[in-house]
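So the chains spell out like this:
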Amino acid sequence: MRNSTAMYSIKAMPAKFLMFQHVKRWLHQKRNANNCVSFCQPLDLNEVQNFIDKTKKLFILTGAGLSTESGIPDWHNYSTDVGGLYSQSFFQNSDEISRQSWAEWMRLPSHELNDGHKALSRWEKRGKIEWLATQNFDGLHLLAGSERVTEVNGSLQRAKCMSCKDVTERIDLQKRFIKVNPNFSLDTEDENPVLSKDDMKKFTIPKCEKCEGSLKPDILFKGDKVETSVKTSLMEHVNNADGIMILGTSLKYFSSSQYAEVAFECNKPIAIVNNGPTKADHLATLKFKANLGDVLPKLTV
C-alpha cells in the first residue's frame, strides 16, 4: 500500500526523492506489475469522466502535445545549433547570431487557441483546477483566460533583462524594434526571413529601458534550471490537489516527472493522455493514447 499524504511534507520530499529515486522506481514498477495500464489502451471517455467526477481539485501539467494542436511544432524539434532560436547562442554568441535570432523572434507567427486550451480555461472558472503548470512557452493558456498558471519554461511573449531582470511584454518590445529598425518587416509570411549581411549590420537590438542591460526571451534555455521557488510552489499545489492530469507530455525530464512521483507517493490518482509513452506510465491510474482535442472538450466539470 502506498504511503498516505500525511507521511510526507513538501520540504522533505526532494531529499527523499534524491536518495531513493532509483529504488522507488523499481518498487513502483514491481508493485504495479499486475495493474499496469497499457500504453495502447483505447480511449474510454467514460473512464476519464469518472476520474474527473471523483476528483475535487486537479493539478494539471501540459506539454507540447497541446500546443501542436494549434499548429506549433514540438519545441524539442527546434535546432539547438549555433544560431538556433532556442539555444543559449541566441544571446551569448556573436552579434551576427544574436541579430539574426532576434529577427526570427520578432517574426514568430501568432497561433490560435485550440479546444484544449479553451476547455481547461472553463474548468478553472468552474473551480476544478487547483493549478495548471505548462511546459509550453507559447502563452496560449493565458490567452485562453486561465489565471492559475505557471509557465515552467517561461514565455516567448516576454523578454527579460539579463542584468536587472526587468520583464518587457513582446508586443511592447516589437514597437521598440520597429522604432530603431524602421525598414524591418514583421511579415511572418516572408519567404526569406534571414537578414542580408547589409541588413544585419544595420539591425539594432534595443537595450533594457531601466538599466541598459542586454535582453533575452523570457524562457529557459538549455543549461538553465527552474527556480527553486517555482518548484516549491508547484509541489504545494500538487499537495493541495486531489489528483493530477498529465496532458501531452512525455515527462522526459525529472523537472516535470517529479510531480507525478510526488502524487503517487501521496496516494493521489494520476490520469495521463498523451500520444506517446511517458516516464510516469507505471504510476498512472489511467493512461490513454489520444489527441487532447478529442478528449478535453468532451469532458464536463
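Our structure is the block above this text.
As the structure is a computational prediction, the values presented were derived from the model and not from experiment.

A. Looking closely at the overall build of the protein. Across its full length, the protein holds 11 helices and nine strands. Counting all 301 residues of the protein, 48% fall into the buried class. Contacts in the protein between residues at least 24 apart in sequence constitute 71% of all its contacts with a sequence separation of at least 6.

B. Fine view of the pattern of salt bridges. Counted by the stated rule, this structure contains seven salt bridges. Here Glu151 makes a salt bridge to Arg158, at a shortest N to O gap of 2.9 Å. Accessibility classification places Glu151 together with Arg158 in one group, the buried group. Among the ionic pairs, Asp166 bridges to Lys210, the shortest N-O distance being 3.4 Å. Placement of Asp166 in the loop between strand E4 (154-161) and strand E5 (167-169) and of Lys210 in the loop between helix H9 (197-202) and strand E6 (215-219) is noted, with a sequence separation of 44 residues between them. With relative accessibility at 21%, the residue Asp166 sits in the partly exposed group.

C. Seen up close, the sheet that holds strand E8 (residues 270-273). Strand order in the open sheet formed by six strands is E3-E2-E1-E7-E8-E9, and the pairing between neighbours is parallel. Each edge of the open sheet is held by one strand with a lone partner, namely strand E3 (149-151) and strand E9 (286-288). On average, each strand axis in the sheet is inclined to that of its neighbour by 10 degrees, with strand direction left out of account. Pairing geometry for strand E7 (residues 243-247) and E8, over four bridges, is parallel. Counted as the bridge partner of Met245 is Ala271 from E8. Each of strand E1 (58-62), E7, E8 and E9 is contacted by helix H2 (residues 45-54), which is oriented at about 140 degrees to E9, the strand it contacts most. In this fold helix H10 (residues 228-240) packs onto E1, strand E2 (129-134) and E3, with an angle of close to 140 degrees to the strand it touches most, E2.

D. Fine view of H10. Spanning 13 residues, H10 covers 18 Å between terminal C-alpha atoms, matching the ideal 18 Å at 1.5 Å per step. Taken residue by residue, H10 has Leu234, Met235, His237 and Val238 as its buried positions. End-on, the buried residues of H10 take up no more than an arc of 160 degrees, which puts them together on one face. Against E1, E2, E3 and helix H11 (254-265) lie the buried residues of H10.

E. View of the side chain of Ser121. As for its position among the elements, Ser121 is in helix H6 (residues 115-125). Separated by 2.9 Å, the side chains of Ser121 and Lys125 make a polar contact. In this structure Ser121 touches Ala144, Gly145 and Ser146, once residues within four positions along its chain are discounted.

F. Layout of the pairing of E2. Among the six residues of E2, six are classified as buried, and the element is accordingly described as predominantly covered. As paired elements, E1 and E2 share five bridges and run parallel to each other. In the strand pairing of E2, Thr62 is matched with Thr134. The pairing of E2 with E3 spans three bridges and is parallel.

G. How the structure looks around the environment of Ser155. Along the polypeptide, Ser155 turns up in strand E4. Residues Ser155 and Ile219, spaced 64 residues apart in sequence, show a C-alpha to C-alpha distance of 5.4 Å. Not counting residues within four places of it along the chain, the set of residues in contact with Ser155 comprises Phe137, Gly139, Asp218 and Ile219.

H. Layout of the nonpolar core. By size, the foremost hydrophobic cluster in this structure holds 24 residues, and its most contacted members are Phe59, Leu234, Ile244, Ile246, Ala260, Ile270 and Ala280. The set of elements that each furnish at least two residues to this core consists of E1, E2, H10, E7, H11 and E8. Counting residues per element, this core draws most heavily on H11, at five residues. With residues up to four places along the chain from it excluded, the contact list for Leu234 reads Phe59, Trp131, Ala133, Thr150, Val152 and Tyr259. Counting residues in each nonpolar core, the second largest holds 23 residues, with Leu66, Met245, Leu286 and Leu299 among its members.

I. Summary view of the sheet that holds E5. One open sheet holds the three strands; their spatial order is E5-E4-E6, and the pairing between them is antiparallel. In this open sheet, the two edge strands, each paired with only one partner strand, are E5 and E6. Across this sheet, the average inter-strand angle for adjacent strands is 40 degrees, counted without regard to direction. Note: E4 against E5, three bridges, orientation antiparallel. Bridge pairing links Ala159 to Thr168 in E5. The strands touched by helix H8 (residues 170-180) within the sheet are E4, E5 and E6, with E5 carrying the most contacts at an inclination of about 80 degrees.

Analysis parameters
- Residues numbered from 1 in each chain as written.
- Predicted model: local features only at pLDDT ≥ 70, side-chain atom pairs only at ≥ 80, totals over all residues.
- Heavy atoms only, no water.
- Helix = DSSP H or I, 4+ residues; strand = E, 2+ residues; numbered from the N terminus.
- Buried < 20%, exposed > 50% of the residue type's maximum accessible area, 1.4 Å probe, protein only.
- Contact = heavy atoms within 4.5 Å.
- Salt bridge = Lys/Arg side-chain N within 4 Å of Asp/Glu carboxyl O.
- Pairing = 2+ DSSP bridges.
- Axes fitted to C-alpha atoms, helices over the stretch in contact; angles between N-to-C directions.
- Expected span 1.5 Å × (residues − 1).
- Arc of directions from axis to C-beta.
- Polar contact = N/O pair within 3.5 Å; in protein donor to acceptor, adjacent residues only side chain to side chain.
- Core = buried A, V, L, I, M, F, W, Y, C linked by side-chain atoms within 4.5 Å.

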